[in-house]
Each structure stands twice: as C-alpha cells, then as structure tokens.
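# Geometric and topological summary
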Amino acid sequence: FKVLYDINYNHEVRANFIHIKNNLDYKEQYTSNAFFVEENSTLKQENLGAQISWDANWDSKFSTNFSALFSDYKINSTDYNKDSDQFQTQFNNVLETEIKLSSKYEFSDVLHFYNGIVFNEIGIRNTTTVNAPTFSKTEKNVLLKSALFTEIGFNKNNTYARFGIRANYFHKFNKYLIEPRINIKQKINSEVSIKL
C-alpha cells in the first residue's frame, strides 16, 4: 500500500509498504525397484519491503529529497530423497537498508544540477544442512557502501541528457570506485526514442 501526506504546499511525505508470502509444496511420485515412492519438497518465500521519503521545495529553484528503505527477503526449502534417505534444508536471507539524501537546483528551465549522498548496507545469510552424510554450513556476509554523486541535467524539446560522476566507498574492502554517469535520450517522434 502507499500513503501520501502533504505537510504543506512545499513539502510532501510518501510511504510505501509491500509484503509477499508464498508456501509451495511439491509432491513427486515414481516407481523404484517395483516399489511406489512418494517424495515431498517444500519452498517458502517471504518478501517484506518498506520505504519512506520526504520531498521539500525550499524555493522556486532548490528542492531536496530524503528517503529510507528496508527490504527483507527470505527463502526456506526442504527436499527429501527416499532412495538415499537424505533430507536437505536450505535457508537464504537477504536484508537491505538504504538512506539517501539528494538535492536539485534549477539554473533554468532546461539546465538542472543534482547532488546526493547514499548509505547502503546489504547482508546475506545462507544455511545448508544435510542429514546423510551429516553436513551443515552457514555463511554470513555484510557489505556497507557509501556514495556521493553530482550530475548536470539538460532537458529541451526532444533531447534529455544527464552527465555526472559517482564516487563509491566499500567499507569492508577499504576501496574507492569512481564511475562516470551518462544518460542521453533523443525523442525521434511520438513512437520512437533513442537512449544511451
């Protein structure tokens, strides 16, 4: 669901929320050595996501956006093989959080200046267990990334262009990554556009 709240004419708060849950059962039947065999596997998926953002127009030229998001994805599966009497379970969890602050300054109707900062953290956990032979393994990793970006945007008639640079810092590896940002769109007619 989505919630929209106007604080006043120049400020707006939006909230989004999603929850998806699936429970699947898979039954397999076959004949092995003249015996009828039935095996059952399960798969459970759940996804939870939420985002809140605040848009503020400080004057006719300068505006800002603050947003925070949360996403939690889980999958849990079981599989049983009667022939080998092997039972296996797998669990996977991906958790993501992000905070972003961006600004836009309008030099004119066609030329805009964008800046922002983003903090993003992704955590994953994988667990696998098997009963025969006995095996169990859990892996957990977390990646924290900070980023700064600045861009110039041009929009006139049928031409849209945005050029900039983004600096990323990966905390776990103590590593910087600089990437150029180029986005160009030319509208040929009402049906066709070319985008780079």
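Here the structure is a predicted model, which means the values were calculated and not measured. Residue numbers restart at each chain and count upward from 1, following the sequence in its written direction. Where totals are concerned, whole chains, interfaces and linings use all residues; where local detail is concerned, this predicted model gives features only for residues with pLDDT of at least 70, and gives and counts side-chain atom pairs only at 80 or more. Excluded from the side-chain calculation are hydrogens and water; included are all heavy atoms of the structure.

## A word on the packing of aromatic side chains
We describe a pair of aromatic rings using the distance from one ring centre to the other and the angle between the two ring planes. Stated formally: Working definition: a ring pair exists when centres of Phe, Tyr or Trp rings (six-membered ring for Trp) sit within 6.5 Å. Plane angles under 30 degrees give stacked, over 60 give edge-to-face, the rest tilted. A ring is considered to have a charge above it if a Lys NZ or an Arg CZ atom is located within 6 Å of its centre and within 35 degrees of its normal.
A full pass over the atoms with the stated rule returns four aromatic pairs. Taken together, the ring pairs in this structure connect Tyr105, Phe107 and Phe113 into an aromatic cluster. The residue whose ring lies beneath Arg162 is Tyr114, and the NZ or CZ to ring-centre distance is 3.6 Å.

## Regarding the pattern of salt bridges
What counts is decided by this rule: Salt bridges are counted wherever a side-chain nitrogen of Lys or Arg sits within 4 Å of a carboxyl oxygen of Asp or Glu. Numbering of helices and strands starts at the N terminus; helices are DSSP runs of H or I of at least 4 residues and strands are runs of E of at least 2. To sort residues, take the accessible area from a 1.4 Å probe on protein chains only and compare it with the maximum for the residue type: under 20% means buried, over 50% means exposed, and anything in between is partly exposed.
In total, this model carries seven salt bridges according to the counting rule given. Its salt-bridge partner being Glu151, residue Arg162 comes within 2.5 Å of it at the nearest N-O pair. You can see Arg162 sitting in strand β8 (residues 159-170) and its partner Glu151 sitting in strand β7 (residues 135-156), a full 11 residues away along the chain. A relative accessible area of 21% places Arg162 in the partly exposed class. One salt-bridge network, in which partners are shared between bridges, spans Glu151, Arg162, Glu179 and Arg181.

## Topic: a nonpolar patch on the surface
The criterion, for reference: Within this analysis, patches are made of residues with over 30% relative accessible area and no salt bridge. Like charges are joined at 9 Å or less; nonpolar side chains (Val, Leu, Ile, Met, Phe, Trp, Tyr) at 5 Å or less. Residue burial considers only the protein chains on display, and all accessible areas are found by Shrake-Rupley using a 1.4 Å probe.
A contiguous nonpolar surface patch, about 1100 Å² in accessible area, is contributed by Trp54, Trp58, Phe62, Phe66, Ile99, Leu101, Tyr105, Phe107, Leu111, Phe119, Ile152 and Phe154. For the nonpolar patch, the secondary structure elements donating two or more residues are β4 (62-81), β5 (86-106), β6 (111-130) and β7. With three residues, the top contributor of residues to the nonpolar patch is β5. Mapped onto the secondary structure, Trp58 falls in the loop between β3 (35-57) and β4. With relative accessibility at 46%, the residue Trp58 sits in the partly exposed group.

## Looking at the layout of surface pockets
Selection rule: Only protein atoms enter the calculation, which uses a 1 Å grid: trapped sets of points that fit a 1.4 Å probe without letting it out are cavities, open sets showing protein on both sides within 12 Å along at least five of seven lines are pockets, and any residue with an atom within 4 Å of a point is a lining residue. Grid points are joined across faces, edges and corners, and a volume is the space filled by probe spheres set on the points. Three classes are used: nonpolar for Ala, Val, Leu, Ile, Met, Phe, Trp, Tyr, Cys and Pro, charged for Asp, Glu, Lys and Arg, and polar for all others, with Gly counted as polar.
A volume near 240 Å³ is recorded for the largest pocket. Lining the largest pocket are 19 residues, with Lys100, Ser102, Tyr114, Phe149 and Arg162 sitting closest to its centre. Elements represented by at least two residues in the lining of the largest pocket include exactly β3, β4, β5, β6, β7 and β8. Broken down by element, the residue count for the lining of the largest pocket peaks at five residues, all from β5. Per-class residue counts for the lining of the largest pocket are four nonpolar, seven polar and eight charged. Here the second largest pocket defines a volume of roughly 170 Å³. Leu95, Gly123, Ile124, Lys140 and Val142 are the residues nearest the centre of the second largest pocket, which is lined by 13 residues in total. The set of elements that each furnish at least two residues to the lining of the second largest pocket consists of β5, β6 and β7.

## Focus on the environment of Asn65
Put simply, the test is: Whether two residues touch is decided by their heavy atoms; if any such pair falls within 4.5 Å, the residues are in contact. Counting of polar contacts relies on pairs of N or O atoms within 3.5 Å, with two restrictions inside protein: one atom must be capable of donating a hydrogen and the other of accepting it, and residues adjacent in sequence are counted only when both atoms are side-chain atoms.
On the secondary structure map, Asn65 appears in strand β4. For Asn65 and Ile75, which are 10 residues apart along the polypeptide, the C-alpha to C-alpha distance reads 33 Å. Beyond its immediate sequence surroundings of up to four residues, Asn65 is in contact with Arg14, Ser53, Trp54, Asp55, Lys100, Leu101 and Ser102. A polar atom in the side chain of Asn65 sits 2.6 Å from the side chain of Asp55.

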